[in-house]
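Structural description and commentary
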Amino acid sequence: MKTSVIGYPRIGKNRELKFASEKFFKGEISEAELLQVAAEIKKEGLLKQKQAEISFIPSNDFSFYDNVLDAAFLFNIIPARYSALGLSELETYFAMARGYQGDKGNVKALAMKKWFNTNYHYIVPEIDDDTEIKLNRNKVVDEYKEAKENGVDTKAVLVGPFTLLKLAKYTGTKSAKDFAGVLTENYSILIEKLEKKGAEWIQFDEPSLVKDLTQDDINLFKEIYSSILKKRVSIKVLLQTYFGDIRDIYSEVTALGFDGIGLDFLEGRKTLELVKSNGFPEDTVLFAGLVNGKNIWKNNYAKTIDLLKDIKSVTKNVVLGTSCSLLHVPYTLASESKLSDDYLKHFAFAEEKLEELKELSKLSDFAESGNVAAQVTFTNNQKLFHGRVDSVDEAVKERVAGIKESDYTRLPEFHEREKIQKEKLNLPLFPTTTIGSFPQTQDVRQNRQKLRKGLISKEEYTEFNKNKIAQCIKLQEEIGLDVIVHGEYERNDMVEYFGENLAGYVFTEKAWVQSYGTRCVKPPIIWGDVSRKQPITVDWSKFAKSCTDKPVKGMLTGPVTILNWSFPREDITIKESTLQIALAIRDEVLDLEANGIDIIQIDEAALREKLPLRKSDWYSQYLDWAIPAFRLVHSGVKPETQIHTHMCYSEFTDIIPAIDAMDADVITFEASRSDLQILDSLKENNFKTEVGPGVYDIHSPRVPSVDEIVNALESMRERIEDSKLWVNPDCGLKTRGETETKASLINLVDAAKIIRER
């Protein structure tokens, strides 16, 4: 059986792309040196896939920052404010992704949002009425040629025109339909260029098809691909979908005449039903997504082969593939030297998933062939799925089973709590604060590494961090912030840190996954039932409180985010895992309160992330337990304890009522890149919670001016009551430099003072 990979990790085995890109941003290496690093990463990925005998290997799945940005850049969807800077092509590309502040100008980055239901972020293309769509770059063709020169024949991969149009932001009077014709023409020009280079296949990624579609959407899709399929001459077109099923458009897709159609049989709850009920065209190849591209557990070959048999009962023309791009899993298990084989044998990262595809392709018909070697491989695989005794904690299971409905409700109600808290905290109008973390400078990272290597004692490590906390608090007092944070110097990551202090987790050394651009995260693995072993943050918060007379926020990560940013178990439900984590964080909340911490922030940055892509599933499949899980965390605190939460880089406007139902006292969220669009939705829904929309973008190195922040606050005041408005950046400051952070926060406080005077 032939095999296919939708996309491969592009950060490099040891995050080479991250480090090279950051050096390029600092002017420490040239553009040519960055391009050389990229070439080496691409070559290694191609050769790994060739070695695993993958039949359909992707090219152009590499990106310096984001594939959606790549597609926009390819077709000249570049807002004039970036092209006017007069930068090189690569520098212009990075300016769109990160913003630019220098001798040639000062512009904010494009908006950034979550990529469907993942922790990956994409850059939102921006199209105005004057945008001239044209193919004036050769990245797709060049990377196909580059792969060929490395001895690998590939399918060229590109975000499809329908998804590109659906994800774009339109700043004028025109809409997607107005640009569909010219964009389609230019996709056809690209196909012609690839045909001339001898490309046999092109893969168009169209994940937008798994969302709710209107009749206008369906008509637009048909219009686009009828034209593309009619104009191609020799190349075969693969329509690739993932993250769900295409129930709204299955009949139209299968009738259009694609050479291949890629369907997700793991997250696509109705995919098998659609294929069996409606059939599948005989002359089309079905690329079946059966190897999980989003989780790290080894594939259960018995289940996969049974599913393959079901699929083959409809069509024999099947290629075995990944469910989505492998950029959502770590690079290789080979980098893990500390975990024992008792753990590692259960996992499969990107490289290992290539071997799974290879083995499954040989196992697919072993029952009929009597292949002894295949039978041994199959038997060994099944030994992994007989249950892991060490994953079960009966006390945890009993505690979850004992949760009462009243445990999800905090009393008294919000409006009464709000009065009590304002009287106790006595904060000024438009209180200023930050989201939590301060820059993790090199000395902070080195201190952590020294502890791990045994070069310093735990006492020395703690003393260093206490000094950093004291300095951080002094800086915040000098700047004039009203609510202080301790800076989170003891934390490697907002999820991994908590996982390290919870029973039931397993940790890796180098299992990095790209979140956006050069930002990589190392998700912990939920191995068993989760509980809190001992207080986690209490001592740090108590010390911070002793350094100042101002209110100090206790900083925690919420249960839904901890779950969503971990690799979850597959042997129990997501709901059960989340409730286990919620009870553990609840214990931490109550301990912080008992130790005099009056403001506690419980971040749910990833709440939106796992929201089902179809609205009909939002509550029944997710919100009906995710929102109560958050309430479970804080329902036991006193009325005067103020609960904050934070969310970032997602589309929140359509779930505002659910966010309000979290019953927090204050919510902060990203708003700067999206031009404060969420504010109208807050007003329309009579949002009761106090809010802190981010007044500047921390994912860009540029420093916002006082006037810029004042203008943002005035816009906020038009939609939010003065008494409910907080002033803060849009996310944590961990990745920023100290100089730009201080300058930005000074401007933030000055802007708040101006608004107070007005």
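To keep things clear, this report deals only with the structure shown in the data block. (Residues numbered from 1 in each chain as written. Predicted model: local features only at pLDDT ≥ 70, side-chain atom pairs only at ≥ 80, totals over all residues. Heavy atoms only, no water.)

**Looking at the pairing of strand β22 (residues 666–669)**
The alternating pattern of β22 places Val666 and Thr668 and Ile667 and Phe669 on opposite faces, both of which are buried. Inspection of the sheet shows strand β21 (residues 642–647) paired to β22 by four bridges, in the parallel sense. Looking at the pairing, His644 lines up with Val666 of β22. Here four bridges tie β22 to strand β23 (residues 690–693), and the two strands are oriented parallel to one another. Opposite Ile667, over in β23, you have Val691 as the bridge partner. (Buried < 20%, exposed > 50% of the residue type's maximum accessible area, 1.4 Å probe, protein only. Helix = DSSP H or I, 4+ residues; strand = E, 2+ residues; numbered from the N terminus. Pairing = 2+ DSSP bridges.)

**Thoughts on the sheet that holds strand β2 (residues 57–59)**
Reading across from one edge, β1-β14-β13-β12-β11-β10-β8-β2 is the order of the eight strands in this open sheet, with parallel pairing throughout. Each end of this open sheet is capped by a strand with a single partner; those strands are β1 (3–4) and β2.

**Quick notes on the sheet that holds β23**
Strand order in this open sheet of five strands is β19-β20-β21-β22-β23, and the pairing throughout is parallel. The open sheet terminates on both sides in strands that have one partner only, identified here as β19 (553–557) and β23. Pairs of neighbouring strands in the sheet enclose a mean axial angle of 20°, with direction left out of account. Both strand β20 (residues 599–603) and β21 contribute to a ladder of three bridges, which runs parallel. (Axes fitted to C-alpha atoms, helices over the stretch in contact; angles between N-to-C directions.)

**Some details on the environment of Ala255**
Mapped onto the elements of the fold, Ala255 is located in helix α10 (residues 250–255). Ala255 gets classed as exposed once you look at its relative accessible area, which sits at 65%. In sequence terms Ala255 and Lys222 are 33 residues apart; their C-alpha atoms lie 9.9 Å from each other.

**Thoughts on the packing of aromatic side chains**
Taken as a whole and judged by the stated rule, the model has 30 aromatic pairs. Seen from their ring centres, Phe56 and Phe287 are 5.0 Å apart, and the 70° between their planes marks the pair as edge-to-face. Note that Phe56 is positioned in the loop between α2 (31–51) and β2 and Phe287 in strand β13 (residues 285–291), a separation of 231 residues in sequence. Residue class for Phe56 comes out buried when judged on its relative accessible area of 11%. Look at Tyr170 and Phe179: their rings are 6.2 Å apart centre to centre, the planes differ by 25°, and that puts the pair in the stacked class. Three or more aromatic residues joined by ring pairs make a cluster, and in this case those are Phe24, Phe25, Phe62, Phe64, Phe73, Tyr93 and Phe94. The ring of Trp512 carries Arg15 above its face, with NZ or CZ at 3.7 Å from the centroid. One Lys or Arg, Lys522, reaches over the ring of Trp512 and ends 5.4 Å from the middle of that ring. (Phe/Tyr/Trp six-rings, centres within 6.5 Å; stacked < 30°, edge-to-face > 60°. Lys NZ or Arg CZ within 6 Å of the ring centre and 35° of its normal.)

**As for the nonpolar core**
The nonpolar side chains of a soluble globular protein tend to be buried with one another. Within the largest apolar cluster, 110 residues are counted, with the highest numbers of intra-cluster contacts made by Phe75, Leu194 and Phe347. Per-element tally for this core: the top contributor is helix α8 (residues 176–196), with eight residues. Residue contacts for Leu194: discarding those within four places in its chain leaves Val140, Val141, Tyr144, Ala156, Ala199, Ile202 and Ile235. Within the second largest apolar cluster, 94 residues are counted, among which are Ile479, Ala544, Phe669 and Met716. (Core = buried A, V, L, I, M, F, W, Y, C linked by side-chain atoms within 4.5 Å. Contact = heavy atoms within 4.5 Å.)

**Observations regarding helix α3 (residues 67–74)**
Most of α3 is tucked away, with eight of its eight residues classed as buried. Buried within α3 are the following residues: Asn67, Val68, Leu69, Asp70, Ala71, Ala72, Phe73 and Leu74. Of the surrounding secondary structure, the elements contacted by the buried residues of α3 are α5 (89–98), β6 (121–123), α6 (139–149), β8 (154–159), α7 (161–167) and α8. Where α3 begins, the side chain of Asp66 points an oxygen toward the backbone nitrogen of Val68, at a separation of 3.3 Å. Asn76 sits one or two residues past α3 and shows a positive phi near 65°. (Polar contact = N/O pair within 3.5 Å; in protein donor to acceptor, adjacent residues only side chain to side chain.)

**Looking at α2**
Its 21 residues place the ends of α2 30 Å apart at the C-alpha level, agreeing with the 30 Å of an ideal helix rising 1.5 Å per residue. Burial in α2 covers these residues: Leu34, Val37, Ala38, Ile41, Lys42, Gly45, Leu46 and Gln49. Seen along its axis, α2 keeps its buried residues to an arc of 165°; they face one direction. Projecting away from the buried face of α2 at angles above 90 degrees are the exposed residues Ala32 and Gln51. Structurally, α2 contributes buried residues whose contacts are with α1 (16–25), β2, α5, α6, β8 and α14 (350–363). Directly after α2, the chain includes Glu53, whose backbone phi takes a positive value near 60°. (Expected span 1.5 Å × (residues − 1). Arc of directions from axis to C-beta.)

**A few points about the pattern of salt bridges**
Tallied over the entire structure, the rule returns 54 salt bridges. The salt bridge involving Glu576 is made with Lys397; its shortest N-O contact spans 3.2 Å. With Glu576 in helix α24 (residues 574–594) and Lys397 in helix α17 (residues 394–401), this pair connects stretches of sequence that are 179 residues apart. Take Lys397: its relative accessible area is 24%, and that puts it in the partly exposed class. For Glu714, the salt bridge goes to Arg717, with nearest N and O atoms at 3.2 Å. Here the residue Glu714 and the residue Arg717 both occupy positions in helix α28 (residues 706–717), the gap between them amounting to three residues, near one helical turn. With a relative accessible area of 23%, Glu714 lands in the partly exposed category. Taking the relative accessible area as the measure of exposure, Arg717 reaches 26% and is therefore partly exposed. (Salt bridge = Lys/Arg side-chain N within 4 Å of Asp/Glu carboxyl O.)

**Comments concerning the side chain of His634**
Of note, His634 is situated in helix α25 (residues 618–634). Residue class for His634 comes out buried when judged on its relative accessible area of 0%. For His634, the side chain forms a polar contact with the main-chain oxygen of Met662, separated by 3.0 Å. For His634, the residues in contact, after removing those within four places along its chain, are Arg410, Ile602, Ile643, Met662, Asp663 and Ala664.

**Quick word on the side chain of Glu604**
On the secondary structure map, Glu604 appears in the loop between β20 and α25. For the buried Glu604, no salt bridge is present, and the opposite-charge side chain at shortest range is Lys114, 9.9 Å distant. A polar atom in the side chain of Glu604 sits 2.7 Å from the side chain of Thr561. Those residues within four positions of Glu604 in sequence are excluded, and the remaining contacts are Gly558, Pro559, Val560, Thr561, Phe630, Thr645, His646, Met647 and Met662. (Lys, Arg positive; Asp, Glu negative; His and termini not counted.)

Without other data, these values stay purely geometric and don't point to any function.
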